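Structure assessment
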Amino acid sequence: MKMIATHAFLLLKVTILLCIAPIHGSASTVVILDDPAPAVVTKAQETAARNALDKMQKRMDEAWTEYLAPLREAKTAEERDAIELDPEKDPGVMFLPELFKFSSDHPGTAACLEALSQVISMASRDEKNRWMLKQVVDRIILEYIEHEELKDLVRFGHYNPPSPENLSLLRAAADRSPHRTVQGSAFYALGKLLGSSEETRAEGKQLLQRVQKEYADVPFFRETTYGEKVAGDLFELDHLQVGQVAPEIIGTGLDGDLMQLSAFRGKVVLLDFWGDW
Amino acid sequence: MYPHERSLVKKHSADQFAIVGVNSENTIEAAREAVKKNKLTWKNFYDGGGANPTSGPIATRWNVSGWPTTYLLDENGVIRYKDVRGETLDAALETLIDQWKAAREAEAKL
């Protein structure tokens, strides 16, 4: 019952938003009845939103710890592989309605943008909650397209599936953000997503080349810049696709011997990049 | 992943199939230990990058950003599948082994 009530509430809220959007966007509007995102968010509103999100985040962290406990307790890789976690109890899915409601309760705040970002990555993976995606993307474009914090959302956009919603958000950020950091991150994520499927590979490559030309100095993550990052991605697009001869690897084996990938020609080879961390 | 890989090696022991690992442990000693612990019988490149083990030269060149990442190559060294796991991997491997056998039969007829 609780779920149904929450959904009904969200639908109502979203309907109001959608009704307002066209009025708000029109230049000839004289009276704006309501604003979905107050232009000025007070410090008190920001703090309240931050505190509420931190609290929810803490509960989410606890839920994840509990959910993943069996994996932690497994003693061997075999045991770990045999464990099947119940997808119905996935905290990512369980917290979706709450995150969605949170974002409606705290419009315009930086915390709201973080919550919307989490909704995108979780709803992208969960068929039942896909309906949230379009609404969340519309809201971000309406309320946050000029925010520099949008960078944190689009930076890892290529880890979400290339759904029409995800692509339209990245395109909007790339084309309409006034910040180079947001533009560069959005072009990169878009290039990665389009580059990963054969039909759109050429466009993906073009976008990554554009990042290399125009946004190479934009910081990506930790110490790396997009210039460094994109060089590897372009190599992958050009040389590591299905149908291409694998680049040669010459290196040291674990016994200290010299090893060469091409020495395995004549055999079917499973090349496995691994680490036992 | 290890048990599945070990089972593939066993299942295809009579076929021309090999697993080649690229390991990104902190040190080569740790890599040897991991091989022993997980009972891996196949050859491995050592690609650890020290303090930042995932930034070794091979993984960097191959633009690897998640571990494990796998490539399945045919007998000519051509990339045929990327990151296939579980039953999809079994079927993909089966396909390539069948192609290998068909190629030998075709050669024998010449």
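Digging into the interface of chain A and chain B
In this assembly, 35 residues from chain A lie in contact with 50 residues from chain B. Contributions of two or more residues to the side of chain A that touches chain B are made by helix H4 (77-82), helix H13 (226-239), strand E3 (250-252) and strand E5 (268-274) of chain A. Broken down by element, the residue count for the side of chain A that touches chain B peaks at seven residues, all from E5(A). A per-class count over the side of chain A that touches chain B returns 17 nonpolar, ten polar and eight charged.

What about the packing of helix H12 (residues 201-214) of chain A against H13(A)?
All names here are of chain A. Taken N-terminus to C-terminus, the directions of H12 and H13 make an angle of 155°; their axes are 9 Å apart at the nearest point. Relative to H13, H12 is oriented roughly antiparallel. At the point where H12 passes H13, the crossing takes the left-handed sense. Between H12 and H13, the contacting residues are Arg 201, Lys 205, Leu 208, Val 211 and Gln 212 on the first element and Tyr 226, Gly 227, Val 230, Asp 233, Leu 234 and Leu 237 on the second. For the contact of H12 with H13, the residue count by class is six nonpolar, two polar and three charged.

A closer look at helix H11 (residues 180-195) of chain A
Between its terminal C-alpha atoms H11(A) stretches 22 Å, which fits the 22 Å expected from 16 residues at 1.5 Å a residue. Of all 16 residues that make up H11(A), 14 are buried, and the element is covered over most of its length.

Description of the domain arrangement of chain A
Residue and element names in this part refer to chain A. Each assigned domain of chain A is listed with its residue range as follows: domain 1 (1-23 + 47-74 + 88-144) and domain 2 (162-241). Between domain 1 and domain 2, the contact holds six residues from the first and six residues from the second. For the side of domain 1 that touches domain 2, the residue count by class is four nonpolar, one polar and one charged.

Section: the nonpolar core
Formed by 43 residues in total, the largest nonpolar core has its most connected members in A:Val119, A:Ala186 and A:Leu190. Among the elements that make up this core, the one with the highest residue count is helix H7 (residues 110-123) of chain A (nine residues). Residues lining this core come from more than one domain, with at least three contributed by each of domain 1 (1-23 + 47-74 + 88-144) and domain 2 (162-241) of chain A. Discounting residues that sit within four places of it in the chain, A:Ala186 has contacts with A:Val154, A:Leu170, A:Ala173, A:Ala174 and A:Ser177. Residues A:Leu271, B:Leu72, B:Leu73 and B:Leu96 belong to the second largest nonpolar core, which totals 27 residues.

Some remarks on unusual backbone geometry
Residues and elements named next belong to chain B. The omega torsion of the bond from Trp 67 to Pro 68 falls at -5°, within 30 degrees of zero and hence cis. Assignment of secondary structure puts Pro 68 in the loop between helix H3 (57-61) and strand E3 (69-73). Of note in the backbone geometry, Lys 39 takes a positive phi value of approximately 55° without being a glycine. Tracing the sequence through the fold places Lys 39 in the loop between helix H2 (28-37) and strand E2 (43-46).

Regarding the confidence of the model for chain B
Looking at chain B as a whole, the pLDDT averages 93, with 100% of positions reaching at least 70. For this predicted complex, the interface score ipTM comes out at 0.97, while the overall pTM is 0.76.

Observations concerning the sheet that holds strand E1 (residues 17-23) of chain B
Taken in spatial order, the five strands make up an open sheet running E2(B)-E1(B)-E5(A)-E3(B)-E4(B), and their pairing is mixed. What marks the edges here is a single partner per strand, and that holds for E2 and strand E4 (79-82) of chain B. Taking the axes of each pair of neighbouring strands and ignoring which way they run, one obtains an average angle of 20° across the sheet. In the sheet, E5(A) pairs with E3(B) via five bridges, with the strands oriented antiparallel. Within E3(B), the residue paired with A:Asp272 across the bridge is B:Thr70.

Let's talk about the packing of H11(A) against H13(A)
All names here are of chain A. Remark: H11 packs on H13, axes separated minimally by 12 Å, with the N-to-C direction vectors making an angle of 15°. What the angle tells us is that H11 and H13 run roughly parallel. H11 and H13 meet at a crossing whose hand is left-handed. Where H11 approaches H13, its residues Gly 184, Tyr 188, Lys 192 and Gly 195 are matched on the opposing element by Tyr 226, Val 230, Asp 233 and Leu 237. Considered class by class, the residues forming the contact of H11 with H13 number four nonpolar, two polar and two charged.

What about the environment of A:Ala74?
On the secondary structure map, A:Ala74 appears in the loop between helix H3 (69-73) and H4. Residues A:Ala74 and A:Ser121, spaced 47 residues apart in sequence, show a C-alpha to C-alpha distance of 28 Å.

Observations regarding the pairing of E1(B)
The side chains of a regular strand alternate, residue by residue, between the two faces of the sheet. By the criterion of burial, E1(B) is predominantly enclosed, with six of the seven residues buried. Relative to E1(B), E5(A) runs parallel, the two being bridged by seven bridges. Across the sheet, residue A:Phe273 finds its bridge partner in E1(B), namely B:Val22. Bridge count for E1(B) against E2(B) is four bridges, and the pairing is parallel. Within the sheet, the bridge partner assigned to B:Asn23 lies in E2(B) and is B:Tyr46. Note that the unit made of E1(B), H2(B) and E2(B) has a crossover that is right-handed.

Some thoughts on the environment of B:Glu94
All names here are of chain B. Topologically, Glu 94 is positioned in helix H4 (residues 86-109). By C-beta crowding, Glu 94 is classed as partly exposed, having 13 other C-beta atoms within 10 Å. A C-alpha to C-alpha distance of 30 Å links Glu 94 and Ala 31, two positions 63 residues apart in sequence.

How each quantity is defined
- Residues numbered from 1 in each chain as written.
- Chains lettered and ligands numbered in written order.
- Predicted model: local features only at pLDDT ≥ 70, side-chain atom pairs only at ≥ 80, totals over all residues.
- Contact = placed C-beta atoms within 7 Å.
- Helix = DSSP H or I, 4+ residues; strand = E, 2+ residues; numbered from the N terminus.
- Nonpolar A, V, L, I, M, F, W, Y, C, P; charged D, E, K, R; others polar.
- Axes fitted to C-alpha atoms, helices over the stretch in contact; angles between N-to-C directions.
- Parallel < 35°, antiparallel > 145°, perpendicular 65-115°, else oblique.
- Left-handed = near helix turned anticlockwise from the far one by under 90°.
- Expected span 1.5 Å × (residues − 1).
- Buried ≥ 20, exposed ≤ 12 C-beta atoms within 10 Å, placed from the backbone.
- Domains from an automatic or database assignment.
- Core = buried A, V, L, I, M, F, W, Y, C linked by C-beta atoms within 7 Å.
- pLDDT = per-residue confidence, 0-100.
- Pairing = 2+ DSSP bridges.
- Right-handed = clockwise from strand over helix to strand, strands pointing away.

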